[in-house]
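A closer look at the structure
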Amino acid sequence: MRALEPDVQGYVDRNGVKVAYESFGSPVPDRPTVVFVPIDMITHSRAWKAQVPFLARFAHVVTIDPRGNGRSDRPEDPSAYDFREYVGDTVAVMDALDVERAVLVGVCVSAYQALLVAALHPDRVQGVVAFGPWANDDVPRYPPKLAAFQRFGERRDDDGGWAKMNEHYWLRDWRGFAEFFFGQLTPEPHSTKVVEDMVAYACESTPEIQLADKDLGPWPETADESDELLGSIRCPVMVVHGTEDRCQVHARGARVAGITGGTLVTLDGSGHLPMGREPVKINLLMRDFVQQVTGTSRPVVPWQRAMNRRPRALYLSSPIGLGHARRDLAIVRALRERRPDLDVEWLTQSPVTDFLEAHGEQVHPASRFLASESGHFQSQAGEHDLHAFQAVRSMDEILVANFMVFQDLVTDEQFDLWIGDEAWDVDHFLHENPELKRTPFAWLTDFVGWLPMPDGGPAEVALTADYNAEMVEHVARYPRLRDVSVFVGNPNDIVAADLGPGLPSVREWTEAHFAFPGYVTGFDPAETADRSELRHRLGYTDDETVCIVAVGGSGVGEHLLRRVASAHDAIASHVPGLRMVLVAGPRIDPASLPHARGLEVHGYVHDLHHHLAACDIGVVQGGLTTTMELVAAGRPFVYVPLRHHFEQNLHVAHRLDRHGAGRRLDWVDATPGAIAAAVVEELGRVPAYRPVETDGAARTADLLSALL
């Protein structure tokens, strides 16, 4: 799922070659246009996925796939890849979209092509942003790459390192080359996702197509001709170049900036792909440049003298499910008891927004700009299967887009405290850009540590360890970023696992860096203390055996609802008076579920925890909030963790085992018959769970109020 879908997808046809483009928004007088020129043919326009959603909030954005990759054609004639063709493609797309003038953006060879457009069509270009530009000049190439190019057409006995930059190796193992090449282009630690994306884009083309342009010489043909064209550019130019660029050396970018009269922005320690590895810095640089050269600016926000302001907190509540919302609301209510003058505004998404507004909370208008995280998780799910770790990894462009919403908000408006309940975007990008922190930040989570699933093999073990190592390094380098870290639970709730080779154990590291207020149920036990009265209030009679089947708010649980519905008759044959209630939640259409005698189907249920406390048994997924609500209510339950969901299978399961709670069924074993047998058996048990704290919200509020 993308952070932002294009408004228009189209093609221009130039001499029989279709060149694909996407348009986000439309050109209007008061909005600038940004055109990402056809990127190098080894990749395509999705390489700019971290920039497009942010820029599209204030500009018309156009991306163009290069000949040879993406949605564009892949001509075999080498002449189709002449630089003049790329220049023509850019202008043709601008014509097709009625774009008179634009700021052009490119990287490497495409940065040079953007500069050529500016030289040849000066009336169409307002400015150029050139990342790590290539140029036809006498600046020496990166030495290992130069040595490889000098033997590019030879048959070589070795294929280690830069020897993979070889025609015959490309034809033999194109993916192997892409993995090596993009690993070199992103030398920054913890760049696995950027490399993975770029390799995938490269593999949408073929080595044969990539070799087609190797028979061409560059145009302009000589360094003098190139310098003359670059020197003729009159629009503003910003060259952005990393000191660790192993594709285009920094000296080349400095020379291009000098010839064009442009500004050189040096990124110390960065490689060739900062738009992927340092998206926040790049986004802010690009916005400032675009607004400067186009004469546009952000609206001026009213300012209030600091001593006249009421204390104000911004609460970020994870929208993946509804569990965070209830506990976060309980924490805020406890915080207001300590600070009655505190104004709290929420930056969050559906379905959390609906829940909060129903409770009279103020959702900040900027929330409408957030890309859907719960929608992304739903798009990644299979049959009762959600690889949660990979779903988070593939949500990278959404996390960048949402952090930029947060960054704009806290730049324009003053808050005295930021509270992030598993706001992964804010925590990560603040650590990557610590200069952006401007107020106390509290971090809340109910699990620590990305853990591999057994069938993920060595690759997943390495990836999760890399993510954990980055977290450990972030906190060690910038301990001031989190003014308080809150683990929603107790030390014994932490799994017995290691963060990775050479890293501390999950418990050791968490105990050293977190406070432990106990679990936060999110409701007052008095609400459900009189179970008989509660049942009657909810419409459940004494002669009914009530089975609540609930799957949370993420929209991933339809398969479990159907499976349990199929077990209804088998359960009813052993349980007289069975009343089975399927709760679809806010993201599953109740009409899509089975409707049969003895089944009730509901959509979103506002106070589901009341029904869980009133039921005789629950059948649920392995989500922490729902299972712990059943534990707190002392109700028997069967839970079926989502396959490949490391949190449900490892973190939550450990916590439930510690409480002596729940009957676990793995999906592969959870046939209708097995579900029926488990439900009948659990109905015969009297739960004896470890007690759940009732003061977790108050203790968390004490930690937060100390920051105000």
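In this text the structure is predicted, and so the values were computed from the model without any measurement.

**Quick look at the overall build of the protein chain**
- Across its full length, the protein chain carries 28 helices and 20 strands.
- Rg of the C-alpha trace for the protein chain: 28 Å, near the compact-globule value of 27 Å for 708 residues, within the 12% margin.
- When the backbone C-alpha atoms are referred to their principal axes, the protein chain occupies close to 90 × 65 × 50 Å.
- Split into buried and exposed, the 708 residues of the protein chain put 60% on the buried side.
- Across the protein chain, contacts joining residues at least 24 apart in sequence account for 72% of those joining residues at least 6 apart.
- Summed over its atoms, the accessible surface of the protein chain is roughly 27100 Å², and 49% of this surface lies on carbon and sulfur atoms.

**Let's talk about helix α6 (residues 174-185)**
- For α6, with 12 residues, the first-to-last C-alpha span of 16 Å sits near the 16 Å given by 1.5 Å per residue.
- In terms of burial, α6 is largely enclosed, as nine of its 12 residues are buried.
- Here α6 has its buried residues at W174, G176, F177, A178, F180, F181, F182, Q184 and L185.
- Where α6 is buried, its residues meet α5 (167-172), α7 (192-202) and α8 (207-212).

**Considering the environment of R393**
- Within the secondary structure, R393 sits in helix α16 (residues 388-393).
- With a relative accessible area of 2%, R393 lands in the buried category.
- In this structure, the C-alpha to C-alpha distance between R393 and T192, residues 201 residues apart in sequence, is 9.7 Å.
- Sequence-distant contacts of R393, defined by excluding residues within four places in its chain, comprise T192, K193, E196, L463 and Y467.

**Structural notes on the packing of aromatic side chains**
- Under the counting rule described, the total for this entry stands at 32 aromatic pairs.
- Geometrically, the ring pair formed by W424 and W443 is edge-to-face, given 5.0 Å between the ring centres and 70 degrees between the ring planes. Placement of W424 in helix α18 (residues 424-432) and of W443 in strand β13 (residues 441-445) is noted, with a sequence separation of 19 residues between them.
- Judged by its relative accessible area of 1%, W443 is buried.
- For the pair F637 and Y689, a centre-to-centre distance of 6.4 Å together with 70 degrees between the ring planes defines the contact as edge-to-face. One end of the pair, F637, is in strand β19 (residues 637-640); the other, Y689, is in the loop between α27 (672-683) and α28 (696-705), and 52 residues separate them in sequence.

**Brief notes about the side chain of N468**
- As for its placement among the helices and strands, N468 is situated in helix α19 (residues 457-477).
- By relative accessible area, N468 is classed as buried at 0%.
- Side-chain polar atoms of N468 contact the backbone nitrogen of W450, separated by 2.9 Å.

**Topic: the pattern of salt bridges**
- On inspection of all chains with the given rule, the structure shows 53 salt bridges.
- A salt bridge links R84 to D82; its shortest N-O distance comes to 3.0 Å.
- Given a relative accessible area of 43%, R84 falls into the partly exposed group.
- The shortest N-O distance in the salt bridge between E432 and R277 comes to 2.9 Å.

**Here we look at the sheet that holds strand β17 (residues 599-602)**
- Strand order in this open sheet of six strands is β17-β16-β15-β18-β19-β20, and the pairing throughout is parallel. Of all the strands in the sheet, just β17 and β20 (663-664) have a single pairing partner and so form its edges.
- Relative to strand β16 (residues 578-583), strand β15 (residues 545-550) runs parallel, the two being bridged by six bridges. Looking at the pairing, I548 lines up with V581 of β16.
- Most of the contacts of helix α26 (residues 646-659) go to β19, to which it runs at about 160 degrees, and overall it touches β18 (617-621), β19 and β20.

**Observations concerning the sheet that holds strand β12 (residues 417-421)**
- Judged by pairing direction, the sheet is parallel, and its six strands sit side by side in the order β11-β10-β9-β12-β13-β14 without closing on themselves. Every other strand in the sheet has two partners, leaving β11 (362-363) and β14 (484-487) as the edge strands with one partner each.

**What to know about the pairing of β14**
- Every second residue of β14 is oriented toward a common face, with V484 and V486 on one face and S485 and F487 on the other, all of them buried.
- With four bridges connecting them, β13 and β14 associate as parallel partners. Counterpart to W443 in the pairing with β14 is S485.

**With respect to unusual backbone geometry**
- The amide bond that connects S350 to the next residue, P351, takes the cis arrangement and shows omega of 10 degrees.
- Along the polypeptide, P351 turns up in the loop between β10 (343-347) and α14 (352-358).
- Although it is not a glycine, H384 adopts a positive phi angle of roughly 45 degrees.
- Assessed through its relative accessible area of 0%, H384 is described here as buried.

**Points about the side chain of D493**
- Positionally, D493 belongs in the loop between β14 and α20 (506-513).
- Excluding residues within four positions of it along the chain, D493 makes contact with F487, H654, R655, R658 and H659.

**A few points about the packing of α6 against α7**
- Direction vectors running N to C along α6 and α7 enclose 140 degrees, while the axes themselves pass 9 Å from each other. Note on packing geometry: the crossing formed by α6 with α7 is right-handed. Contacts between α6 and α7 involve W174, R175, A178, E179, F182 and G183 from the first element and V195, M198, V199 and A202 from the second.
- When the residues that make up the contact of α6 with α7 are grouped by side-chain class, the tally is seven nonpolar, one polar and two charged.

**Some thoughts on a negative patch on the surface**
- The grouping of D138, E221, D224, E225 and E228 at the surface amounts to a negative patch.
- Looking at the secondary structure, you find E228 in helix α9 (residues 223-231).

Conventions we followed
Residues numbered from 1 in each chain as written. Predicted model: local features only at pLDDT ≥ 70, side-chain atom pairs only at ≥ 80, totals over all residues. Heavy atoms only, no water. Helix = DSSP H or I, 4+ residues; strand = E, 2+ residues; numbered from the N terminus. Rg over C-alpha atoms; globule rule 2.2 N^0.38 Å. Buried < 20%, exposed > 50% of the residue type's maximum accessible area, 1.4 Å probe, protein only. Contact = heavy atoms within 4.5 Å. Areas by Shrake-Rupley, 256 points an atom, 1.4 Å probe, with all protein chains shown as cover. Expected span 1.5 Å × (residues − 1). Phe/Tyr/Trp six-rings, centres within 6.5 Å; stacked < 30°, edge-to-face > 60°. Polar contact = N/O pair within 3.5 Å; in protein donor to acceptor, adjacent residues only side chain to side chain. Salt bridge = Lys/Arg side-chain N within 4 Å of Asp/Glu carboxyl O. Pairing = 2+ DSSP bridges. Axes fitted to C-alpha atoms, helices over the stretch in contact; angles between N-to-C directions. Left-handed = near helix turned anticlockwise from the far one by under 90°. Nonpolar A, V, L, I, M, F, W, Y, C, P; charged D, E, K, R; others polar. Patch = residues over 30% accessible without salt bridge, like charges linked within 9 Å, V, L, I, M, F, W, Y side chains within 5 Å. Lys, Arg positive; Asp, Glu negative; His and termini not counted. Charge placed at Lys NZ, Arg CZ, Asp CG, Glu CD.

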